[in-house]
Protein chains: 2
Amino acid sequence: MGMQRTPLLMSRLFERGAAVAPEAEIVTATGSGTRRQSLRQTIERSHRLARALGDAGVGIGDRVAVFMWNGSRHLEAWCAIVGMGAVLHNLNVRLPPADLEYIVNHAGSRLIIADADILPLLEPLAGRVPTVEKIVVGVEEGYGNWSTAVAEAIDYEAFIEPWSGRFAWPRLDEHAPLGLCYTSGTTGNPKGVEYEHRSQYLHTMAMCMTDAMSLSATDAVCGVVPMFHVMGWGLPWAAMMLGCKQVMPHRFTDPVRLVRLMAEEGVTLATGVPTVWQQVRAVCSDEPGSFDLSRLSRIVSGGSAVPESLARWYWEALGVEMIQEWGMTETSPLATFSRRARRPDGTHAQAAPEEFLEDVSKAGQALPGLEVEIVDENFDPMPHDGRSTGDILVCGPWVCAEYYRQPLRESFHGDWLVTGDVGSIDGNECLILSDRSKDLVKSGGEWISSVNLENHITALAGVAQACVVAQPHPRWEQRPVALVVLDEGSAVSEDQVLLHCSDRFAKWQLPDEVLFVDSIPLTSTGKMDKKTVRANLRAADYRLPDLR
Amino acid sequence: MGMQRTPLLMSRLFERGAAVAPEAEIVTATGSGTRRQSLRQTIERSHRLARALGDAGVGIGDRVAVFMWNGSRHLEAWCAIVGMGAVLHNLNVRLPPADLEYIVNHAGSRLIIADADILPLLEPLAGRVPTVEKIVVGVEEGYGNWSTAVAEAIDYEAFIEPWSGRFAWPRLDEHAPLGLCYTSGTTGNPKGVEYEHRSQYLHTMAMCMTDAMSLSATDAVCGVVPMFHVMGWGLPWAAMMLGCKQVMPHRFTDPVRLVRLMAEEGVTLATGVPTVWQQVRAVCSDEPGSFDLSRLSRIVSGGSAVPESLARWYWEALGVEMIQEWGMTETSPLATFSRRARRPDGTHAQAAPEEFLEDVSKAGQALPGLEVEIVDENFDPMPHDGRSTGDILVCGPWVCAEYYRQPLRESFHGDWLVTGDVGSIDGNECLILSDRSKDLVKSGGEWISSVNLENHITALAGVAQACVVAQPHPRWEQRPVALVVLDEGSAVSEDQVLLHCSDRFAKWQLPDEVLFVDSIPLTSTGKMDKKTVRANLRAADYRLPDLR
């Protein structure tokens with residue numbers, strides 16, 4: 001044994017941040033403004049919470065669910081649960097009650113830590129989640145008068161009040177489970193992905209690299225991505241490890257409030273899905289000069305493809321580099337970053353805007369340690385030529401090996417996870433997403449990428465958002481239809497959209513119809529909800545023009 | 001098992017670089033200029049070398065020694081040996097023959113890969129290293145006419161010529177040994193430190209972080225640190241993983257040639273001990289404007305303390321940020337970095353030169369994953385107040401747990417390595433080195449830091465270098481003496497040095513004498529060789545002034 005056998009535990013990482021940057025601020029948005037505490041206080045309070053949880057009977061391996069907005073208590077809950085060796089079960093506050101019930105029961109969570117303002121969302125679970133012994137309620141301004149019938153409940157502050165001093169974080173096996181996230185399938189029940197200390201530790205190290213997010217302790221980060229969504233893309237862990245200032249929007253995610261918070265707190269890096277950044281762009285464009293975002297340098301966007309036109313606006317209007325990441329619940333979630341090096345003589349964004357804008361339209365290169373491959377239907381690898389399109393596989397130490405208590409063989413192939421995404425890989429190993437397999441449009445035996453059409457339509461002046469879905473056709477099997485949201489005051493016509501598309505797409509790839517709508521429904525994680533779009537069209541008895 | 005059990009193997013990292021940046025250049029200095037090959041060619045040639053080594057009987061766990069300057073074949077040897085699961089044994093070309101003989105025999109190396117120009121240094125080993133079956137000789141311009149009596153020898157190119165295609169890198173246990181480095185003790189035989197794939201993998205990930213070296217694939221790196229010195233501080237591994245351009249000086253390390261190489265190749269980041277950067281400063285000062293170092297942005301310096309005056313010169317004259325690192329063979333070697341975050345609103349160097357210059361005079365904060373502590377003689381932790389001085393301990397996944405085939409209990413304390421360095425830790429967890437324990441001056445029961453005196457003397461205009469050593473004294477036990485090298489044409493007097501020192505040091509801490517010398521002897525790794533300085537003074541029958 002040449003080297004020390006130090007297990008890769010998350011407690012080592014968050015305790016480091018509290019030691020090297022004890023005064024780093026944790027800012028939480030509240031009804032009337034913000035409240036703040038230091039990173040040291042946050043970790044100290046997590047020790048007290050762990051002692052209270054231990055006293056309540058929570059032990060190593062027990063699942064503790066968290067049903068909260070991004071905020072300081074949510075951070076404390078993460079550190080307490082994970083540090084003591086229990087399993088952090090993220091509950092998505094936007095899920096329907098039936099899914100929540102299934103997930104809590106499937107995980108067998110013993111405790112729920114919840115924000116008072118969203119307790120009503122849990123009420124349908126009363127009497128239906130027998131494993132839950134207690135609810136610990138975080139109370140923010142204006143929500144002192146709460147109650148719940150789901151289980152015996154106690155105020156968070158009252159829960160930790162009797163406890164002081166440190167919890168001796170156990171020296172766990174690094175493969176010990178750290179967290180559980182459920183991902184909603186297109187069919188069937190949500191599937192659980194169980195993270196390990198080791199996998200999340202390695203993920204945290206990788207995302208801090210220069211060619212990923214280049215996170216530094218000098219950053220003030222704002223995760224607009226909810227912490228209940230795949231560990232908040234790992235940002236809270238990385239920020240705690242380095243000792244960054246963290247700015248947490250809590251439930252105040254409307255774009256105006258968000259932009260004001262980012263400006264006032266000097267946020268340097270923010271993370272979120274493209275729809276958030278489209279809304280922020282609208283706010284900034286409506287009131288140019290009203291918000292000082294001069295400290296903002298990077299936006300990390302993912303969850304769905306980033307339109308190049310959006311990245312270009314942020315670069316040209318604000319000097320902000322947009323970085324695309326790709327990943328999923330099963331990959332912890334970060335797998336690839338678009339921040340590809342172009343030449344050995346400068347930083348990425350400074351070097352050449354045109355090149356970095358071309359890069360950001362791709363999902364990017366795999367983080368060191370992960371491998372990405374594309375295969376045909378026989379699982380044979382396909383050429384990395386930027387054109388050949390295949391099923392995307394991924395493997396590595398922070399990639400899911402199996403679902404939690406649910407065998408789903410078809411999701412795995414040897415060492416690889418079958419992602420369900422479809423794309424190509426270019427000569428520089430940059431992944432280019434075509435679509436989710438289920439969102440591809442299959443027309444006359446050929447595939448049409450809805451993502452490519454959407455990105456192209458969104459680049460047209462006057463278009464705010466575009467969503468392309470398949471509709472059934474007796475002859476072609478499927479044909480694409482585009483739903484388009486226009487900017488206020490814009491008067492783009494169907495013909496203009498189709499003419500614009502014919503610049504880049506073949507005639508048979510063009511949408512059969514362009515429907516102008518007021519908004520596109522979003523999923524619980526802020527992506528365009530194509531399942532609902534298709535269901536709405538079906539409910540309205542939509543027919544393609546040539547079938548009317 | 002929630003997550004994939006992907007072993008942390010170095011082959012995953014260097015193969016990544018060859019895939020994402022196949023055309024990244026590997027530049028090697030030669031007698032008449034440079035020769036270049038791509039990273040893809042380098043990795044392809046490493047596969048051929050591995051096949052040749054396998055054919056020569058080298059298997060998993062066998063030690064293969066490398067006795068080479070920094071160059072492309074040295075990189076190929078690293079990847080071949082490590083990729084195939086053999087153990088890379090770095091031989092320091094500056095060691096005396098007796099040490100080389102001991103090390104080769106202690107490691108039991110089966111093969112040596114050596115540069116032709118330094119074969120003569122191996123000749124004293126002829127007939128004395130029975131395990132060595134073969135020498136593979138890398139031949140650079142001007143050294144075609146080589147021979148050796150140490151073992152059967154073959155030209156490197158002839159050795160790999162019959163082989164083509166890929167070696168299937170085995171899926172090793174991540175704790176499998178990767179390399180062996182020997183560290184020369186002050187007494188006794190050199191001690192071997194055995195690195196693992198896992199330890200070097202984690203070290204590689206950590207050093208790329210923004211708050212460490214912030215390495216990016218856009219960097220062109222020049223490791224002036226020899227690769228035979230503690231894995232070249234890990235820089236070749238990191239550069240291969242990311243796909244950086246690598247500029248390798250081979251045997252041409254005289255400062256003028258080095259500066260010219262760095263300028264011509266557009267080096268952005270360089271690593272080396274402070275004496276190298278003092279020499280480079282002298283070259284640049286002698287011929288201002290002769291070398292275009294405008295692309296250089298960071299110098300990472302370590303191995304001994306960085307004088308603030310040196311860091312200030314690089315910042316003010318070249319706009320280059322100097323980063324101090326601290327570590328040792330036993331820590332793989334990087335443990336701390338001085339690049340401490342000051343505030344969440346800008347990059348490190350840009351923020352405030354005075355603050356970053358204050359930081360660079362410290363060894364810095366531990367990399368995420370490592371812990372550093374200072375203790376008294378009973379191993380009780382001492383306060384982190386920036387004043388209390390104790391023995392420095394370190395632990396973590398890339399810290400030595402035991403020496404290779406040599407039990408040395410006193411070097412370890414529980415989970416901790418006892419480093420032999422002495423220092424304090426400030427309120428922000430920044431380590432401040434006082435000295436090697438053996439280099440402290442003990443006067444009248446009090447300790448005097450030779451490093452602090454040296455840094456202060458070096459800051460005096462006209463002083464090029466300073467070395468403070470203890471000399472025996474019957475009453476005080478020891479007293480400090482300073483050896484000083486002046487800049488050319490400078491006429492600083494002893495009184496001026498002492499007056500300057502009395503600005504910061506108490507009277508009893510001042511050197512008893514200042515000796516002006518032409519040069520300070522250096523160790524094989526370029527640090528000031530205080531052992532030789534003390535031996536020279538003894539040989540010259542030196543006596544302190546009040547004992548004459």
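For the structure itself, look to the data block above.
Described below are features of the structure shown in this document. In this text, all values refer to a predicted model and were calculated from it rather than measured experimentally.

### A short note on the overall build of chain A
No. 1: Helix and strand content of chain A: 16 helices and 26 strands.
No. 2: Over its C-alpha trace chain A gives a radius of gyration of 23 Å, about what one expects of a compact globule, namely 24 Å for 548 residues.
No. 3: Within chain A, buried positions represent 62% of all 548 residues.
No. 4: The contacts in chain A between residues at least 6 apart in sequence include a share of 68% that link residues at least 24 apart.
No. 5: For chain A, the exposed area adds up to about 19800 Å²; of that, 48% sits on carbon and sulfur atoms.

### Some details on the interface of chain A and chain B
No. 1: Across the contact, 73 residues belong to chain A and 73 residues belong to chain B.
No. 2: Summed over both sides, the interface between chain A and chain B buries roughly 5400 Å², with carbon and sulfur atoms accounting for 52% of that surface.
No. 3: It is Met3, Gln4 and Thr218 of chain A that lose the most area in chain A upon contact with chain B, and together they represent 15% of the buried surface on that side.
No. 4: Taken together, the links from chain A to chain B amount to eight salt bridges.
No. 5: The salt bridge involving Glu196 of chain A is made with Arg5 of chain B; its shortest N-O contact spans 3.8 Å.
No. 6: Put simply, chain A and chain B have 34 residue pairs in polar contact (both at pLDDT 80 or more) between them.
No. 7: Mapped by element, the contributors of at least two residues to the side of chain A that touches chain B are helix 1 (10–20), strand 9 (191–196), helix 7 (197–207), helix 8 (235–242), strand 16 (365–366), strand 18 (390–395) and strand 20 (416–425) of chain A.
No. 8: Of all the elements, helix 7 of chain A adds the most residues to the side of chain A that touches chain B, at six residues.
No. 9: Looking at the side of chain A that touches chain B residue by residue, the classes come out as 35 nonpolar, 19 polar and 19 charged.

### A closer look at the relation of the copies chain A and chain B
No. 1: When chain A is fitted onto chain B, the two copies agree to an RMSD of 0.1 Å after a turn of 180 degrees and an axial shift of 0.0 Å. On the angle and the small slide along the axis, the relation comes out as a two-fold axis. Judged by C-alpha distance, Met209 of chain A is the residue of chain A that lies nearest the rotation axis, at 2.3 Å.
No. 2: Taken together, the interface assignments show that 100% of the residues at the interface of chain A recur at the interface of chain B, consistent with an identical surface on both copies.

### Notes on the packing of helix 1 of chain A against helix 8 of chain A
Residues and elements named next belong to chain A.
No. 1: Here helix 1 crosses helix 8 at 50 degrees, and the two axes come no closer than 5 Å. Relative to helix 8, the element helix 1 is oriented oblique. Where helix 1 approaches helix 8, its residues Met10, Leu13, Phe14, Arg16, Gly17, Ala18 and Val20 are matched on the opposing element by Trp237, Met240, Met241 and Leu242.
No. 2: Looking at the contact of helix 1 with helix 8, its residues break down into nine nonpolar, one polar and one charged.

Quick notes on the rules
Once a new chain begins, its residue numbering starts again from 1 and follows that chain's sequence as written. Chains and ligands are labelled sequentially in the order written, the chains with letters from A and the ligands with numbers from 1. Predicted model: local features are reported for residues with pLDDT of at least 70 only, side-chain atom pairs are reported and counted for 80 or more only, and whole-chain, interface and lining totals are derived from all residues. Hydrogens are left out, water is left out, and the side-chain values use all remaining heavy atoms of the structure. Helix and strand definitions follow DSSP, with helices as H or I runs of at least four residues and strands as E runs of at least two, each counted in order from the N terminus. It is over C-alpha atoms that the radius of gyration is taken, and the globule rule equals 2.2 Å times the number of residues to the power 0.38. Throughout, exposure labels follow a simple rule: accessible area from a 1.4 Å probe, protein chains only, divided by the maximum for the residue type, with under 20% read as buried, over 50% as exposed, and the rest as partly exposed. Any two residues whose heavy atoms approach within 4.5 Å are treated as being in contact. All accessible-area figures derive from a Shrake-Rupley calculation using a 1.4 Å probe, and residue coverage is judged against the displayed protein chains alone. Here the buried area means the combined drop in accessible surface, using a 1.4 Å probe, for two parts upon being joined, counting both sides. When a carboxyl oxygen of Asp or Glu is within 4 Å of a side-chain nitrogen of Lys or Arg, the pair counts as a salt bridge. Between N or O atoms, a polar contact is any pair within 3.5 Å; within protein, one atom must be a potential hydrogen donor and the other a potential acceptor, and residues adjacent in sequence are included only when both atoms are from side chains. Put simply, Ala, Val, Leu, Ile, Met, Phe, Trp, Tyr, Cys and Pro go in the nonpolar bin, Asp, Glu, Lys and Arg in the charged bin, and everything else, Gly too, in the polar bin. To superpose the copies, least squares is applied to the C-alpha atoms of every residue with a pLDDT of at least 70 in both. Axes, fitted as lines to C-alpha atoms, cover a helix only where it is in contact. Angles between the N-to-C directions of the axes lie from 0 to 180 degrees. An angle below 35 degrees is treated as roughly parallel, one above 145 as roughly antiparallel, one from 65 to 115 as roughly perpendicular, and anything else as oblique.

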